[in-house]
Amino acid sequence: MNKIEAKKVNVFYGDKQALFDINMDIPERQVTALIGPSGCGKSTFLRCLNRMNDVIEICKVEGEIKINDYDINQKSTDVVRLREKIGMVFQKPNPFPKTLYENISYGPEIHGMAQSKDELDQIVEDSLKKAALWNEVKDRLNEPGTGLSGGQQQRLCIARAISVKPEVILMDEPCSALDPIATAQIEELIDELKKEHTIVIVTHSMSQAARVSQQTGFFHLGKLIEVGSTDKIFKNPNQQQTQDYITGRFG
Amino acid sequence: MTEKPHTVKSYEEQLQQLTNNLVVMGGNCETALGNSIKALCNNDNTIAEAVIDNDTVIDNFESQIEQEVVDLIALRQPMAIDLRETVTALKISSDLERVGDLAKNISKRTKLINNNLPDNLTQSIERVGAIVQKQLKLVLDAYTNRSPEIAVDVWEKDEEVDNLTNLCMEEVIKYLKSGKENVEYGSHLLFVTKNIERIGDHVTNIAEQIYFLVNGSYLEGDRPKGSQPIVNGEK
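We now turn to the structure provided with this report. (Residues numbered from 1 in each chain as written. Chains lettered and ligands numbered in written order. Predicted model: local features only at pLDDT ≥ 70, side-chain atom pairs only at ≥ 80, totals over all residues. Heavy atoms only, no water.)

**Some points on the overall build of chain B**
When helices and strands are counted, chain B shows 6 helices and 0 strands. From first element to last, N terminus to C terminus, chain B shows the α and β order α-α-α-α-α-α. When the 235 residues of chain B are sorted by exposure, 49% land in the buried category. For chain B, the share of sequence-separated contacts (at least 6 apart) that also reach a separation of at least 24 residues comes to 83%. Total accessible area computed for chain B in this model is approximately 11,300 Å², and 50% of it derives from carbon and sulfur atoms. (Helix = DSSP H or I, 4+ residues; strand = E, 2+ residues; numbered from the N terminus. Buried < 20%, exposed > 50% of the residue type's maximum accessible area, 1.4 Å probe, protein only. Contact = heavy atoms within 4.5 Å. Areas by Shrake-Rupley, 256 points an atom, 1.4 Å probe, with all protein chains shown as cover.)

Structure follows, in structure tokens:
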């Protein structure tokens, strides 16, 4: 079943068109990887999925993006509620300059998800456990989040994203600043998270896309050149451009 | 489909080197097969000896290609067409190595045959040998040109190889039956014929690999089979 359906999505930054007629279905509880060279529009597309482009003044998004059959580009959409349902993890870990506990509790608190301190404690614990960070931080929840290593900070950000029980998690190059071990931990986490969440990940690492995703979309110059099962894309893509890119024959 | 060169030149060179080695290895196998049949039919032990000696060269190519494939997988992580290039090179080299072994075996048996064989037998063996040699040459052309069309032609022609092998087998069995003194040489010739047929089978394996290499999908359907092989001398 499709969680997200994008139809004829066009994005403009001022006069410059960044995305051209993107049609893409994103299946539920699977990992979809978006690949392509820098500036191809993959991050722009990712940011369309929770209306993060709204914060860029000159950015204009056209077309239909349906999540659970609801067009999120409608004027009446409550963007804060939308981003509660569609969380995001960025390239550089960006914990709040607060305690580990507060990093996780902030979201559930402002969304009124916990009725008592006990409930909030439970959400914090569950989120950290799901992000495979609990054992490493359970004895120092009152220390600042910024004191963790890069890989731990990124898992903290993932824990923060899942604390509000999003249906979709968007990840924009979540491992680009991490070492191979921390990367493997995040990839293992992605495998676990897909049981409950739909994940869309932008990555420059072809091997990472191949390892973690079930569907892959290849973007080039603002166009979605090819989308299909990851297996097909990396073994025998339909488009010559896709093959040139994944085999390192580009440019 | 002609591919653009890789951005990283050394990667391009490594893949090219792999192809080159396989082509040279194939050339050695062609020579080995041709010479093994020539040696047998002309009762020429010098040529037979050369085939036996040269098998080491073919074996070394296989090890070299295996090493290159492992390096490519470990260090370059090839994808799509490059992955198929790499994996098929490994499989084709293994088929070619067997072709070399079978030719060597023909030559070893040649050395044990000291008399001239009857003309009808040598002609039969030459006939099936010639078609298998042609198949091997064609399949190597298919590899060099990345031509699935030639590969399919080769694959389909295996039926003819099977039929000629069976005819040849019948000749050898007749020879065996014609006198007790023929049992020793006749037995060798049965193996020789079988070896040639096995080389034909390796050639079709290679054809299948080339098809997969270019198209990324497998040749469908059963391989065409010729007439039923003879069991216990009866059809």
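**Observations regarding the nonpolar core**
In terms of nonpolar packing, the biggest core is built from 58 residues, with L96, L136, V139 and L189 of chain B touching the most fellow members. Broken down by secondary-structure element, the contributors of at least two residues to this core are α1 (9-42), α2 (45-76), α3 (80-112), α4 (119-144), α5 (148-177) and α6 (183-215) of chain B. Broken down by element, the residue count for this core peaks at 12 residues, all from α6 of chain B. Among the nonpolar cores identified, the runner-up in size contains 42 residues, and I162, M171, I186 and L189 of chain A belong to it. (Core = buried A, V, L, I, M, F, W, Y, C linked by side-chain atoms within 4.5 Å.)

**Some words on α4 of chain B**
With 26 residues, α4 of chain B ought to run about 38 Å at 1.5 Å a step, and its terminal C-alpha atoms sit 37 Å apart, in line with that. The positive-phi residue at the C-terminal boundary of α4 of chain B is R146 of chain B, with phi of around 50°. (Expected span 1.5 Å × (residues − 1).)

**Section: the pattern of salt bridges**
Residue and element names in this part refer to chain A. According to the stated counting rule, one finds 25 salt bridges over all chains in the structure shown. Put simply, E167 and K85 hold a salt bridge, and the shortest N to O gap is 4.0 Å. With a gap of 82 residues between them, E167 in the loop between α6 (150-162) and β7 (168-172) and K85 in helix α2 (residues 79-85) connect regions that are remote in the sequence. On the basis of relative accessible area, E167 is assigned to the partly exposed category, the value being 25%. Given a relative accessible area of 33%, K85 falls into the partly exposed group. Among the ionic pairs, E136 bridges to R155, the shortest N-O distance being 2.9 Å. Here the residue E136 occupies a position in helix α5 (residues 134-137), and R155 occupies one in helix α6, the gap between them amounting to 19 residues. Judged by relative accessible area, which is 3%, R155 ranks as buried. A cluster of three or more residues bridged by salt bridges with shared partners is formed by K3, E28, K85 and E167. (Salt bridge = Lys/Arg side-chain N within 4 Å of Asp/Glu carboxyl O.)

**Remarks on the sheet that holds strand β2 (residues 16-27) of chain A**
Hydrogen bonds between backbone atoms are what pair the strands of a sheet, whose relative direction is either parallel or antiparallel. Residues and elements named next belong to chain A. Spatially, the 4 strands line up as an open sheet ordered β2-β1-β4-β5, and their pairing is antiparallel. Strands with a single pairing partner mark the edges of an open sheet, and in this sheet they are β2 and β5 (70-71). The pairing of strand β1 (residues 2-13) with β2 spans 8 bridges and is antiparallel. Bridging across to β2, A6 finds its partner in M24. (Pairing = 2+ DSSP bridges.)

**A few points about the sheet that holds strand β8 (residues 198-202) of chain A**
Residues and elements named next belong to chain A. Taken in spatial order, the 6 strands make up an open sheet running β6-β7-β8-β3-β9-β10, and their pairing is mixed. Each edge of the open sheet carries a strand with a single partner, namely β6 (86-89) and β10 (223-229). Recorded for the sheet is a direction-independent mean angle of 15° between the axes of neighbouring strands. Docked against the sheet, α6 engages β6 and β7, running at close to 170° with respect to β6. (Axes fitted to C-alpha atoms, helices over the stretch in contact; angles between N-to-C directions.)

**Comments concerning the packing of aromatic side chains**
As enumerated under the stated definition, the model contains 4 aromatic pairs over all chains in all. Ring geometry for F45 of chain A versus F219 of chain A: centroids 5.6 Å apart, planes at 40°, classification tilted. One end of the pair, F45 of chain A, is in helix α1 (residues 42-48); the other, F219 of chain A, is in strand β9 (residues 215-220), with 174 residues separating them in the sequence. The burial state of F45 of chain A is the same as that of F219 of chain A; both residues are buried. A cation over an aromatic ring shows up here: K60 of chain A above the ring of F12 of chain A, its NZ or CZ 4.8 Å from the ring centre. When the ring centre of Y143 of chain B is taken as reference, the NZ or CZ atom of R146 of chain B above it lies at 4.3 Å. (Phe/Tyr/Trp six-rings, centres within 6.5 Å; stacked < 30°, edge-to-face > 60°. Lys NZ or Arg CZ within 6 Å of the ring centre and 35° of its normal.)

**What to know about the interface of chain A and chain B**
With 14 residues of chain A in contact, the opposing surface of chain B contributes 15 residues. Across the interface of chain A and chain B, roughly 1,200 Å² is buried in total on both sides, 44% from carbon and sulfur atoms. Here chain A and chain B share 2 salt bridges between them. Between D244 of chain A and K4 of chain B there is a salt bridge whose closest N-O contact spans 3.3 Å. (Buried area = accessible area lost by both parts, 1.4 Å probe.)

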